[in-house]
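# Breakdown of the fold
The residues making up each chain are set out below.
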Amino acid sequence: MGGMEATRLLRERERSTGFHVPIIAMTAHAMKGDKERCLDAGMDGYVSKPIRTNDLEAEMNRVSKANQPGARVVATGEKTLDAGELLARVEGDRVLIGELCGMFRQDYPKHISAIRDALARGDVDDLQRAAHTLKGTLANLAACDGKDLAEQLEGSSRSRDTERAKQILDEIERELPRVEAALEHLSQGVALENSHR
């Protein structure tokens, strides 16, 4: 079994436990896209061979910081927020996460309103644009489930399936408050697990 497959299996098991084992890829290849493939497989970090002590130590410190207590925010076995990824993106700055939470709290009702309006008018082009914008916002916040839902909404608008779009919107409206709560807890260094039942 290769490292990619092993990582995917481990991450799949972790979805039901809420625990997270940090994984750093060490590869002899330094081809374009290798790092992205490793991270997409669920690895937390990446270094290429030949291994340089300073690079490895820096990556281990970064991954360790991102996976400190409270760094994984999980909701009922699903991934509301990949907190380790978000912490890494902001270099552990929880104050900045608090600011991002405030902006998200103000903005997401506007996204929902734009999507609802486009659905009411039957305007699939506007619906697709609104879904795409929401998908980008959630991707930037490492809000995995929300981003996936917005991507599904974008796809349903492309195929002009407005009935499916309405169903997905209902799921999005349930998910976005979870994202807000997860961001708020993460900004305070508090782990949030199985908070909605």
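Up top is the structure these notes are about.
Quantities reported herein were computed from a predicted structural model and do not represent experimental measurements.

## Quick word on the packing of helix H6 (residues 124-140) against helix H7 (residues 144-158)
The contact between H6 and H7 brings their axes to 8 Å, and the two run at 165°. Relative to H7, the element H6 is oriented roughly antiparallel. Viewed along their axes, H6 and H7 form a crossing whose handedness is left-handed. Residues Val124, Leu127, Gln128, Ala131, His132, Leu134, Lys135, Leu138 and Ala139 of H6 touch H7, and the partners they reach there are Gly146, Lys147, Ala150, Glu151, Leu153, Glu154, Ser157 and Arg158. Grouping the constituent residues of the contact of H6 with H7 by class yields eight nonpolar, four polar and five charged.

## Notes on the environment of Glu154
Secondary-structure assignment places Glu154 in helix H7. Classification of Glu154 as buried rests on a relative accessible area of 5%. C-alpha of Glu154 to C-alpha of Ala131: the two residues are 23 residues apart in sequence and 5.1 Å apart in space. What Glu154 contacts, discounting residues up to four positions off in sequence, is Gln128, Ala131, His132 and Lys135.

## Description of the side chain of Lys135
Here Lys135 shows up in helix H6. Here Lys135 falls in the buried class, since its relative accessible area comes to 18%. Once residues lying within four places of it in the same chain are set aside, the contact partners of Lys135 are Lys147, Ala150, Glu151 and Glu154.

## Some details on the packing of aromatic side chains
Following the criterion strictly, the structure yields one aromatic pair and no others. Ring plane angle 35° and centroid distance 5.0 Å describe the contact between Phe104 and Tyr108, whose orientation is recorded as tilted. One end of the pair is Phe104 and the other is Tyr108, both in helix H5 (residues 94-121) and four residues apart, which spans about a single turn. For Phe104, a relative accessible area of 3% gives the class buried. Looking at Tyr108, the relative accessible area reads 14%, which means it is buried.

## Re unusual backbone geometry
Here Glu91, not a glycine, exhibits a phi torsion of approximately 55°, which is positive. Here Glu91 lies in the loop between helix H4 (83-89) and H5. Judged by its relative accessible area of 68%, Glu91 is exposed. With a phi angle near 60°, Ala142 is a residue other than glycine that sits in the positive phi range. With respect to the secondary-structure elements, Ala142 resides in the loop between H6 and H7.

Rules and cut-offs
- Residues numbered from 1 in each chain as written.
- Predicted model: local features only at pLDDT ≥ 70, side-chain atom pairs only at ≥ 80, totals over all residues.
- Heavy atoms only, no water.
- Axes fitted to C-alpha atoms, helices over the stretch in contact; angles between N-to-C directions.
- Helix = DSSP H or I, 4+ residues; strand = E, 2+ residues; numbered from the N terminus.
- Parallel < 35°, antiparallel > 145°, perpendicular 65-115°, else oblique.
- Left-handed = near helix turned anticlockwise from the far one by under 90°.
- Contact = heavy atoms within 4.5 Å.
- Nonpolar A, V, L, I, M, F, W, Y, C, P; charged D, E, K, R; others polar.
- Buried < 20%, exposed > 50% of the residue type's maximum accessible area, 1.4 Å probe, protein only.
- Phe/Tyr/Trp six-rings, centres within 6.5 Å; stacked < 30°, edge-to-face > 60°.

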